[in-house]
Amino acid sequence: MSSNFFAMVNRMKLIDRWALMRNTSKENIAEHSHSVAVIAHALALIGNKKFGKNYDAERACLLALYHDTTEVITGDMPTPVKYYNDNIRDVYKDVEHVAGERLLSMLPEEFKSDYLPLFEKQECDRELWVLVKAADKISALIKCIEEHRMGNLEFEKALEAQEKLIDEISLEEVKYFKENFLKGYYLTLDEHTK
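Just so we're clear, the structure is a prediction, and the values are computed from it rather than from any experiment.

Tell me what's going on with the overall build of the protein, and back it up with residues and numbers.
Along the protein, the regular secondary structure elements total 11 helices and 0 strands. The order of helices and strands in the protein, counted from the N terminus, is α-α-α-α-α-α-α-α-α-α-α. Computed over the C-alpha atoms, the radius of gyration of the protein is 17 Å, within 12% of the 16 Å expected from 2.2 N^0.38 for a compact globule of 194 residues. Oriented by its inertia axes, the alpha-carbon framework of the protein measures out at about 55 × 40 × 35 Å. Taken across its 194 residues, the protein has 40% of its residues classed as buried. For the protein, the distance from the average position of its 26 positive side-chain charges to the average position of its 34 negative side-chain charges is 3 Å.

This is how it looks when you write it as structure tokens:
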């Protein structure tokens, strides 16, 4: 029996993000998911080491790695469209659910239960999904920082909006990441290596 699941997941590299904006450097959902996974893992470790939490950092990383996988079927819907109103948001959630079911159907039966929690949020992962969502926002901010640093004024308002969104997140892990790690993304390579 042949399965197309992993071949479809591999297509994440073909789905570009930020489609409504001029980019100096393209970003696809595979690159974005890697970024979110790295950050979600870091947020979990920060929570554990600095704030006495008991997060499963590796699980947070895995959830983040797959968080946008359904977009190989749906494409990346721009945020202003996706969240324009409650009706569009709800319909898009339904479309994502159907896309997740479609991807899961490509797996042999014996593996479906292993991948199901990556597409359908489980109560046991609730705290980790909060970290993944925060990491997703931080990753979007990092993209805006990179574009703005390259002189792309197209991202000027997006940068301001993303910085405000990060400031509004009440997670102590995010505040710690912002204070200790986020500033590095505003630096040049020469400033990093001094």
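Moving on from the coordinates now.
Summarise helix H10 (residues 172–180); cite the residues concerned and give the values.
Those residues of H10 lying buried are Glu173, Val174 and Phe177. Here the buried residues of H10 occupy an arc of 100 degrees about the axis, which is enough to place them on one side. Packed against the buried residues of H10 are helix H2 (29–51), helix H8 (126–149) and helix H9 (156–168).

Can you break down the packing of aromatic side chains residue by residue, with the values?
Summed over the entire model, instances satisfying the criterion amount to 10 aromatic pairs. Among the aromatic residues, those joined into a cluster by ring pairs are Phe5, Phe6, Tyr66, Tyr115 and Phe119. Directly above the aromatic system of Trp129 lies the positively charged group of Lys121, at a separation of 4.9 Å from the ring centroid.

Could you give an account of the packing of H2 against H10, with specific residues and numbers?
Their axes nearest at 9 Å, the elements H2 and H10 cross at an angle of 105 degrees. With respect to each other, H2 and H10 are oriented roughly perpendicular. Packed against H2, whose contacting residues are Ile39, Ala42, Leu43, Ile46, Gly47, Lys50 and Phe51, the element H10 presents Glu172, Glu173, Val174, Tyr176 and Phe177 at the interface. Class assignment of the residues belonging to the contact of H2 with H10 gives a composition of 8 nonpolar, 1 polar and 3 charged.

Provide a residue-level description of helix H3 (residues 57–66), including the pertinent values.
Along an α-helix, a turn takes 3.6 residues, which lines up residues three or four apart on a common side. Listed as buried for H3 are Ala57, Ala60, Leu63, Ala64 and Tyr66. The inward-facing, buried residues of H3 abut helix H1 (5–10), H2, helix H7 (109–119) and H8. Measuring from the backbone nitrogen of Glu58 back to the side-chain oxygen at the start of H3 gives 3.3 Å, which picks out Asp56 as the cap.

Describe the state of the cysteines, listing the residues and the values that go with them.
Summed over all chains, the structure comprises 0 disulfides. Cys124 supplies the cysteine sulfur nearest to Cys61, a cysteine that is in no disulfide, at a spacing of 17 Å.

Account for the pattern of salt bridges, with residues named and values stated.
The final tally for this structure, using the stated rule, is 14 salt bridges. Across the pair Glu154 and Arg22 runs a salt bridge whose closest N-O atoms are separated by 3.7 Å. Of the two residues, Glu154 is situated in the loop between H8 and H9 and Arg22 in the loop between H1 and H2; the sequence distance between them amounts to 132 residues. Exposure remark for Glu154: the relative accessible area of 32% places this residue in the partly exposed category. Residue Arg22 is classed as exposed on the basis of its relative accessible area, which comes to 60%. Look at the salt bridges and you will find they share partners, linking Arg17, Glu27 and Asp68 into a network.

Go over the nonpolar core with me, naming the residues and quoting the values.
If you look at the biggest cluster of nonpolar residues, it comprises 49 residues, and the most contacted ones within it are Phe5, Leu43, Tyr115, Phe119, Ile138 and Val174. Looking at this core, the elements that each hand over two or more residues are H1, H2, H3, helix H6 (86–104), H7, H8, H9 and H10. With residues near it in sequence (within four places) discarded, Phe119 still touches Phe5, Tyr66, Thr69, Thr70, Gly100, Leu103 and Leu104.

Mind laying out unusual backbone geometry, listing which residues take part and the relevant values?
Phi is positive for Trp18, which is not a glycine, with a value near 55 degrees. Note on placement: Trp18 falls in the loop between H1 and H2. Note on Trp18: relative accessible area 16%, which makes it buried.

Each value, and the rule that gives it
- Residues numbered from 1 in each chain as written.
- Predicted model: local features only at pLDDT ≥ 70, side-chain atom pairs only at ≥ 80, totals over all residues.
- Heavy atoms only, no water.
- Helix = DSSP H or I, 4+ residues; strand = E, 2+ residues; numbered from the N terminus.
- Rg over C-alpha atoms; globule rule 2.2 N^0.38 Å.
- Buried < 20%, exposed > 50% of the residue type's maximum accessible area, 1.4 Å probe, protein only.
- Lys, Arg positive; Asp, Glu negative; His and termini not counted.
- Charge placed at Lys NZ, Arg CZ, Asp CG, Glu CD.
- Arc of directions from axis to C-beta.
- Contact = heavy atoms within 4.5 Å.
- Phe/Tyr/Trp six-rings, centres within 6.5 Å; stacked < 30°, edge-to-face > 60°.
- Lys NZ or Arg CZ within 6 Å of the ring centre and 35° of its normal.
- Axes fitted to C-alpha atoms, helices over the stretch in contact; angles between N-to-C directions.
- Parallel < 35°, antiparallel > 145°, perpendicular 65-115°, else oblique.
- Nonpolar A, V, L, I, M, F, W, Y, C, P; charged D, E, K, R; others polar.
- Polar contact = N/O pair within 3.5 Å; in protein donor to acceptor, adjacent residues only side chain to side chain.
- Disulfide = S-S within 2.5 Å.
- Salt bridge = Lys/Arg side-chain N within 4 Å of Asp/Glu carboxyl O.
- Core = buried A, V, L, I, M, F, W, Y, C linked by side-chain atoms within 4.5 Å.

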